[in-house]
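# Understanding the architecture of this molecule
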Amino acid sequence: MRIDVVTLFPGMFGGPLSESMLRVAQERGGGEIRVVDLRGYTEGRHRVADDYPFGGGGGMVLKPEPVFRAVEALRGPETRVVLLCPQGVTFTQAAALRLAREPHLVLLCGHYEGVDERVRIHLVDEEISIGDYVLTGGELPALVVIDAVVRLLPGVLGNAGAAGNDSFAAGRLDHPQYTRPTEFRGMAVPEVLLSGDHARIADWRRREAFRRTAERRPDLLEGTPLTAEEAKWLTELERGSRAS
Ligand SMILES: C[S@@+](CC[C@H](N)C(=O)[O-])C[C@H]1O[C@@H](n2cnc3c(N)ncnc32)[C@H](O)[C@@H]1O
C-alpha cells in the first residue's frame, strides 16, 4: 500500500513517521508513506498556496490550483483521495479496515480556514473527520488515519491476531490487561489469569470484554448481534445493576 500525504507543513510528520509502528510499517509491512509538500505545486516567485476568502472574513483558504496539481500528479487508476475535514464522516475502526484494503491513498491536509470548496466537490472521494472538534490543520488527523490504517496491514503487528482482538474490531471493547507483578500495592491480578488454564482465561476475557462494552459503550451492542452467551451475560449484568 502507498500513502501520499499532501501538506503545507511536511515537518510535522518527521517524528511520528520515524517511530514505533509507523516506522515498522514502512520497513517491513509493505506500507510506503510519502509526505508531499504542497508548496512544491505552487507557482510564481512567492510560492503562494493560500489566499483570502471571497466574501470577506478572517483567515486564509488553501487555493485550488496547487491541490489539483498535486493530486493530478500523484493519482493513479486505483487512488482514493481523502480530505481530512471536521465536516467529514467520523473516522472509525471499520473505516480504517476499509482503507487498509486500498492500494493507494492520497490524504489531503487542510489548514487555516480550510480548502477551496472546488477541491471538495471535484477532487475528493471521501472526507474524514477524526472527531467533533476543530484542529489547526489536517496533519494530526492524517497521522491518526495513517496509524490506524497501517497497523492493520499484514506483517506490521508482531502478533498476527493482535489487531483482531483490539477494541472495536468485533464490535466490542478489549478486555482488561495485566502484567507483572502479580501483586502491586495490595492490588492483585485476577487469579484466573495466573491459572494457566487457557480455556478459563479465554472465557474470562470474553466476559470482561462484554461487560466493559455493556457498561461503557452500550451503543456498540446495537451494531453487532448478541451471541447466546452474551445475551445471558447481559441479563446477569442487568439483574446485578437492579439489585445494587
Ligand atoms: C481550522 S480547520 C478549518 C475548519 C473549518 N473552518 C470548519 O469550521 O469546518 C483547518 C483544517 O484542519 C483540518 N481539521 C481540523 N479539524 C479536523 C477534524 N476534526 N478532523 C479532520 N480534519 C480536521 C482540516 O483539514 C481543515 O481543513
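Our structure's up above, just so we're on the same page.
Residues numbered from 1 in each chain as written. Predicted model: local features only at pLDDT ≥ 70, side-chain atom pairs only at ≥ 80, totals over all residues. Heavy atoms only, no water.

Attention now goes to the overall build of the protein. Secondary structure assignment for the protein yields ten helices and nine strands. Its C-alpha atoms give the protein a radius of gyration of 23 Å, more than 25% over the compact-globule value 18 Å for 244 residues. Overall size of the protein, expressed as C-alpha extent along the three principal axes, is 70 × 40 × 40 Å. Per-residue burial for the protein yields a buried fraction of 39% across its 244 residues. When contacts within the protein are restricted to residue pairs at least 6 apart in sequence, those whose partners lie at least 24 apart make up 74%. Here the protein displays about 14200 Å² of accessible surface, and carbon together with sulfur accounts for 52% of that area. (Helix = DSSP H or I, 4+ residues; strand = E, 2+ residues; numbered from the N terminus. Rg over C-alpha atoms; globule rule 2.2 N^0.38 Å. Buried < 20%, exposed > 50% of the residue type's maximum accessible area, 1.4 Å probe, protein only. Contact = heavy atoms within 4.5 Å. Areas by Shrake-Rupley, 256 points an atom, 1.4 Å probe, with all protein chains shown as cover.)

Right, let's get into the nonpolar core. Ranked by size, the top nonpolar core spans 30 residues in total, and within it Val-5, Phe-91, Leu-107, Val-145, Ile-146 and Val-150 carry the most contacts. Among the elements of the structure, strand E1 (2-7), helix H2 (20-28), strand E5 (79-90), helix H4 (93-100), strand E6 (104-109) and helix H6 (139-150) are those that each provide at least two residues to this core. Of all the elements, H6 adds the most residues to this core, at seven residues. Setting aside chain neighbours within four positions, we find Phe-91 in contact with Ala-96, Leu-99, Ile-128, Ser-129, Ile-130, Val-144, Val-145 and Ala-148. Within the second largest apolar cluster, 19 residues are counted, among which are Leu-8, Val-81, Cys-85 and Leu-108. (Core = buried A, V, L, I, M, F, W, Y, C linked by side-chain atoms within 4.5 Å.)

What follows is about the site of the ligand. Lining the immediate surroundings of the ligand are 20 residues, of which Leu-84, Gln-87, Gly-110, Tyr-133 and Leu-135 lie closest. The separation between a nitrogen atom of the ligand and a polar main-chain atom of Ile-130 is 3.1 Å. At 2.8 Å, a backbone N or O of Tyr-133 approaches a nitrogen atom of the ligand. Relative to its unbound accessible surface of 590 Å², the ligand loses 85% to contact with the protein. Those elements giving two or more residues to the shell around the ligand turn out to be E5 and strand E7 (126-129). The greatest single-element share of the shell around the ligand, amounting to four residues, is contributed by E5. Tallied by class, the residues present in the shell around the ligand amount to ten nonpolar, nine polar and one charged. (Near = heavy atom within 4 Å. Polar contact = N/O pair within 3.5 Å; in protein donor to acceptor, adjacent residues only side chain to side chain. Nonpolar A, V, L, I, M, F, W, Y, C, P; charged D, E, K, R; others polar.)

What follows concerns the pairing of E6. Burial of E6 is extensive: six of the six residues sit out of reach of the surface. Residues of E6 alternate between two faces, with His-104, Val-106 and Leu-108 on one and Leu-105, Leu-107 and Cys-109 on the opposite face, all of them buried. With six bridges connecting them, E5 and E6 associate as parallel partners. Each bridged residue has a counterpart across the sheet, and for Thr-79 the counterpart in E6 is His-104. The handedness of the E5 to E6 crossover, carried by H4, is right-handed. (Pairing = 2+ DSSP bridges. Right-handed = clockwise from strand over helix to strand, strands pointing away.)

This part takes up the sheet that holds E1. One open sheet accounts for five strands, arranged E2-E1-E6-E5-E7; its pairing is parallel. The open sheet has two edge strands with one neighbour each: strand E2 (32-37) and E7. Averaged over all neighbouring strand pairs, the angle between strand axes comes to 30 degrees, with direction disregarded. Both E1 and E2 contribute to a ladder of six bridges, which runs parallel. Residue pairing for E2: Ile-3 is matched across the bridge by Ile-33. (Axes fitted to C-alpha atoms, helices over the stretch in contact; angles between N-to-C directions.)

Glancing now at the environment of Cys-85. Among the secondary structure elements, Cys-85 is positioned in strand E5. Accessibility expressed as a relative area gives 13% for Cys-85, which makes it buried. Sequence separation between Cys-85 and Leu-194 is 109 residues; the distance between their C-alpha atoms is 46 Å. Residues in contact with Cys-85, not counting those within four places in the same chain, are Glu-127, Ile-128 and Ser-129.

By the secondary structure assignment, Arg-172 is in the loop between helix H7 (162-165) and strand E8 (183-184). Within the structure, the side chain of Arg-172 is placed 3.0 Å from the side chain of Glu-230, a separation counted as a polar contact. Beyond its immediate sequence surroundings of up to four residues, Arg-172 is in contact with Asp-166, Ser-167, Phe-210, Thr-213, Leu-220, Leu-221, Thr-224, Pro-225, Leu-226 and Glu-230.

Packing of H4 against H6 leaves a shortest axis separation of 8 Å and a crossing angle of 70 degrees. In this view, H4 runs roughly perpendicular relative to H6, as classed from their interaxial angle. For the pair H4 and H6, contact is made by Ala-96, Leu-99 and Ala-100 and by Val-145, Ala-148 and Val-149, respectively. Considered class by class, the residues forming the contact of H4 with H6 number six nonpolar, no polar and no charged. (Parallel < 35°, antiparallel > 145°, perpendicular 65-115°, else oblique.)

Purely spatial values, then, with no claim about function.
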